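Summary of the model geometry
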4 protein chains.
Amino acid sequence: MYQFQWPVRVYYEDTDSGGVVYYANYLKFMERARSEWLRSLGVEQDALLAREGVIFAVRSAHLEYLKPAHFNDLLSVSVIVEQWGRASITFEQQVVRSATPPVRHDNDREPLLCCTGRVKIACLDSSTLRARPIPSTIRTRISVGDVS
Amino acid sequence: MYQFQWPVRVYYEDTDSGGVVYYANYLKFMERARSEWLRSLGVEQDALLAREGVIFAVRSAHLEYLKPAHFNDLLSVSVIVEQWGRASITFEQQVVRSATPPVRHDNDREPLLCCTGRVKIACLDSSTLRARPIPSTIRTRISVGDVS
Amino acid sequence: MYQFQWPVRVYYEDTDSGGVVYYANYLKFMERARSEWLRSLGVEQDALLAREGVIFAVRSAHLEYLKPAHFNDLLSVSVIVEQWGRASITFEQQVVRSATPPVRHDNDREPLLCCTGRVKIACLDSSTLRARPIPSTIRTRISVGDVS
Amino acid sequence: MYQFQWPVRVYYEDTDSGGVVYYANYLKFMERARSEWLRSLGVEQDALLAREGVIFAVRSAHLEYLKPAHFNDLLSVSVIVEQWGRASITFEQQVVRSATPPVRHDNDREPLLCCTGRVKIACLDSSTLRARPIPSTIRTRISVGDVS
């Protein structure tokens, strides 16, 4: 299955005083990856809004926190389309710490699965904020990219 | 069932350019409510860390986004203990827009359920970051407050 | 001089892995205090936008970081109007850790000045985003509250 | 003068309901650029902390907000060392919207200076949090990179 990957570097802005990445921020990392996946398929979301009056909104998110990521870690965030609806897409996403860790983590150089997420996105009409079918132009592009 | 409520005001920092509260921020609102619930039971988390070497970490979160909240809304975040484990607590939480909405929302003065969350917290030893039983002193306090 | 104060509790969301409040977040704390100061004067910013097409935007900010604040600290954020313009207001703000610190800080119970800010706000027309005079209704209310 | 540039894409997480990049987030963008500038010179901050007990902390920041950036904009953040102290570095930084704007901004394809910052960083001993001289190894690398 086609799997899109997007790198995310951990800065201080992403961490908390527990010394790890603040858990809410994984939602941001996953969104960055989804946005770049759309861009890789030729979909610019601001053009989508301006030309077709379409926005995407998160309907639900289920996150499992497995291992902590730290300041300066290089993460890789995956995007897989798990399910298609007429007006929604459900993604399975993983955030993995890369195999070339920073200095502190000398003992565990294996890739580390930090967080998994299942995120459901709805396609909305930007003026009414009601669900609407995913535009066919987008659907076509996404299918091509994702099923190949 | 005892239900703790914590008010949260929406500032620009909480919103996004879709005009609504950015979805990841509901995790922050829910954490504020859990922290204040602990405080209301006499548990200061920094004291807990200093005296007993105990920290709490989020293990999983399941969020459903139902209705958007907006800038300047006054929200109320509830805390209910849904399940106790030896080393974990699972919460059910709701974020509700209060019934006295700001001016823009003249037509819908009803309380509005914006987001629900099921959040599982683990009790960890702060030096090893391994799961450890919830200290009995805490367990006692929490039970008293929550079951009454 | 009239000085508005707004309490801010430090949660994990506000900290970084250096163990202290992340410096960018002081801008958020200062904005919360300015928003509540306006509210205390009867100005609801969403009503202001809906009724008069007026928004406020930050034009400049000068921050000095003096002492770190920590998780669970209770801060007090002050608001003083330093200068009035026809279409702008300049504030002097201080973030002080309160004198009843949490357990870790037993040795330093004095109030602690953590951060000072000088923040200039512009009054904008919400449709053109151009500077416009501060509405007289607001100006009147603010003067009353602030000069007394 | 040598000038380091770092690209930053604007996601929803960076915006507010005013429709623009939330002003506090420019501090994050500038920090990302400084971190990547250090990395480009061979300095990994987590190694610096682990091996030399050195951390950097922001002492002051002066920001001017000139033009708003929007969702999906591609920004470029510059890093110039403005002044060297024994234990501090002062940076001049600019955040510029790139000349290939997204669709909405068809009329203004010029590069747009959105925000300028003057940020002073102190070199601290990580255990005492007191100022200490910038390690000579770092100073050497930085000079080489920055003056060439």
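Here goes a summary of the coordinates provided. Please read these numbers as outputs of a predicted model, since none were measured by experiment.

1. Focus: the interface of chain B and chain A
Facing 16 residues of chain B, the contacting portion of chain A comprises 15 residues. Carbon and sulfur atoms make up 57% of the surface buried where chain B meets chain A, a total of about 1,700 Å² over both sides. Three residues stand out in chain B for area buried against chain A, namely B:Tyr23, B:Leu27 and B:Tyr65, and they jointly supply 29% of the buried area on that side. Scanning the region where chain B abuts chain A turns up zero salt bridges. Put simply, chain B and chain A have eleven residue pairs in polar contact (both at pLDDT 80 or more) between them. Elements with a minimum of two residues in the side of chain B that touches chain A: α1 (25-40) and β2 (54-65) of chain B.

2. Looking at the relation of the copies chain D and chain A
Overlaying chain D with chain A gives an RMSD of 0.0 Å, the required rotation being 180° about an axis along which the chain moves by 0.0 Å. Taken together, the rotation angle and the small translation identify this as a two-fold axis. Closest to the rotation axis within chain D is the C-alpha of D:Val8, separated from it by 5.9 Å. A shared binding surface is used by both copies, with 100% of the interface residues of chain D retained as interface residues in chain A.

3. What to know about the pattern of salt bridges
Enumeration according to the criterion identifies 20 salt bridges over all chains in this entry. For C:Arg32, the salt bridge identified is with B:Glu13, shortest N-O distance 2.8 Å. Here C:Arg32, found in helix α1 (residues 25-40), pairs with B:Glu13, found in the loop between β1 (4-9) and α1, and the two come from separate chains. Here C:Arg32 falls in the buried class, since its relative accessible area comes to 8%.

4. Overview of the interface of chain D and chain A
The interface of chain D with chain A comprises 23 residues on the first partner and 23 residues on the second. Taking both sides of the interface into account, the surface hidden between chain D and chain A amounts to around 2,300 Å²; carbon and sulfur atoms contribute 49%. For the side of chain D that touches chain A, the secondary-structure elements that each account for two or more residues are β1 (4-9), α1 (25-40) and α2 (45-52) of chain D. Looking at the side of chain D that touches chain A, the element that brings in the most residues is α1(D), giving six residues.

5. Here we look at helix α2 (residues 45-52) of chain C
Along α2(C), the residues classified as buried are C:Gln45, C:Asp46, C:Ala47 and C:Leu48. Looking one or two residues past α2(C), C:Gly53 carries a phi angle of roughly 60°, positive in sign.

6. Thoughts on the state of the cysteines
Applying the stated rule across the entire model yields zero disulfides over all chains. Left without a disulfide partner, B:Cys114 is nearest to the cysteine sulfur of B:Cys115, which lies 8.0 Å away.

7. Some details on the sheet that holds strand β4 (residues 88-97) of chain A
The strand order β1(A)-β3(A)-β4(A)-β5(A)-β2(A)-β2(B)-β5(B)-β4(B)-β3(B)-β1(B) describes an open sheet built from ten strands, whose pairing is antiparallel. Among the strands making up the open sheet, the edge pair consists of β1 (4-9) of chain A together with β1 of chain B. Taken pair by pair, the neighbouring strands of this sheet meet at an average axis angle of 30°, ignoring direction. Relative to β2(B), strand β2 (residues 54-65) of chain A runs antiparallel, the two sharing five bridges.

8. Comments concerning the side chain of A:Ser60
Position of A:Ser60 relative to the elements: it lies in strand β2. Judged by its relative accessible area of 13%, A:Ser60 is buried. Sequence-distant contacts of A:Ser60, that is, excluding residues within four places in its chain, are made with A:Arg118, A:Val119, A:Lys120, B:Leu63, B:Glu64 and B:Tyr65.

9. Considering the pairing of strand β3 (residues 74-84) of chain B
All names here are of chain B. Pairing between β1 and β3: six bridges, direction antiparallel. Each bridged residue has a counterpart across the sheet, and for Trp-6 the counterpart in β3 is Val-77. Hairpin connection from β3 to strand β4 (residues 88-97): three residues lie between these consecutive antiparallel strands.

10. Examining the nonpolar core
Ranked by size, the top nonpolar core spans 90 residues in total, and within it A:Tyr26, A:Leu27, A:Trp37, B:Tyr26, B:Leu27 and B:Trp37 carry the most contacts. Non-local contacts of A:Leu27, meaning those with residues more than four positions away in its chain, are made with A:Ala61, A:Leu63, B:Tyr23, B:Ala24, B:Leu27, B:Leu63 and B:Tyr65. Judged by nonpolar contacts, the second largest core, of 89 residues, contains C:Phe56, C:Val79, C:Val81 and D:Val10.

11. Description of the environment of B:Glu82
All names here are of chain B. By the element assignment, Glu-82 lies in strand β3. Linking Glu-82 and Arg-118, residues 36 residues apart in sequence, is a C-alpha distance of 8.6 Å. If near-sequence neighbours (up to four positions away) are discounted, Glu-82 is found in contact with Thr-90, Phe-91, Glu-92 and Arg-118. Within the structure, Glu-82 has its side chain in polar contact with the side chain of Arg-118 (distance 3.2 Å).

12. Some remarks on the side chain of B:Asp16
Assignment of secondary structure puts B:Asp16 in the loop between β1 and α1. No salt bridge forms around the buried B:Asp16; measuring N to O, its nearest opposite-charge neighbour A:Arg34 is 9.9 Å away.

13. A closer look at the sheet that holds β1(D)
Taken in spatial order, the ten strands of this open sheet run β1(C)-β3(C)-β4(C)-β5(C)-β2(C)-β2(D)-β5(D)-β4(D)-β3(D)-β1(D), and their pairing is antiparallel. Every other strand in the sheet has two partners, leaving β1 (4-9) of chain C together with β1 of chain D as the edge strands with one partner each. The sheet shows a mean angle of 30° between the axes of neighbouring strands, direction not considered.

What counts and what doesn't
- Residues numbered from 1 in each chain as written.
- Chains lettered and ligands numbered in written order.
- Predicted model: local features only at pLDDT ≥ 70, side-chain atom pairs only at ≥ 80, totals over all residues.
- Heavy atoms only, no water.
- Contact = heavy atoms within 4.5 Å.
- Buried area = accessible area lost by both parts, 1.4 Å probe.
- Salt bridge = Lys/Arg side-chain N within 4 Å of Asp/Glu carboxyl O.
- Polar contact = N/O pair within 3.5 Å; in protein donor to acceptor, adjacent residues only side chain to side chain.
- Helix = DSSP H or I, 4+ residues; strand = E, 2+ residues; numbered from the N terminus.
- Least-squares fit on C-alpha atoms with pLDDT ≥ 70 in both.
- Buried < 20%, exposed > 50% of the residue type's maximum accessible area, 1.4 Å probe, protein only.
- Disulfide = S-S within 2.5 Å.
- Pairing = 2+ DSSP bridges.
- Axes fitted to C-alpha atoms, helices over the stretch in contact; angles between N-to-C directions.
- Core = buried A, V, L, I, M, F, W, Y, C linked by side-chain atoms within 4.5 Å.
- Lys, Arg positive; Asp, Glu negative; His and termini not counted.

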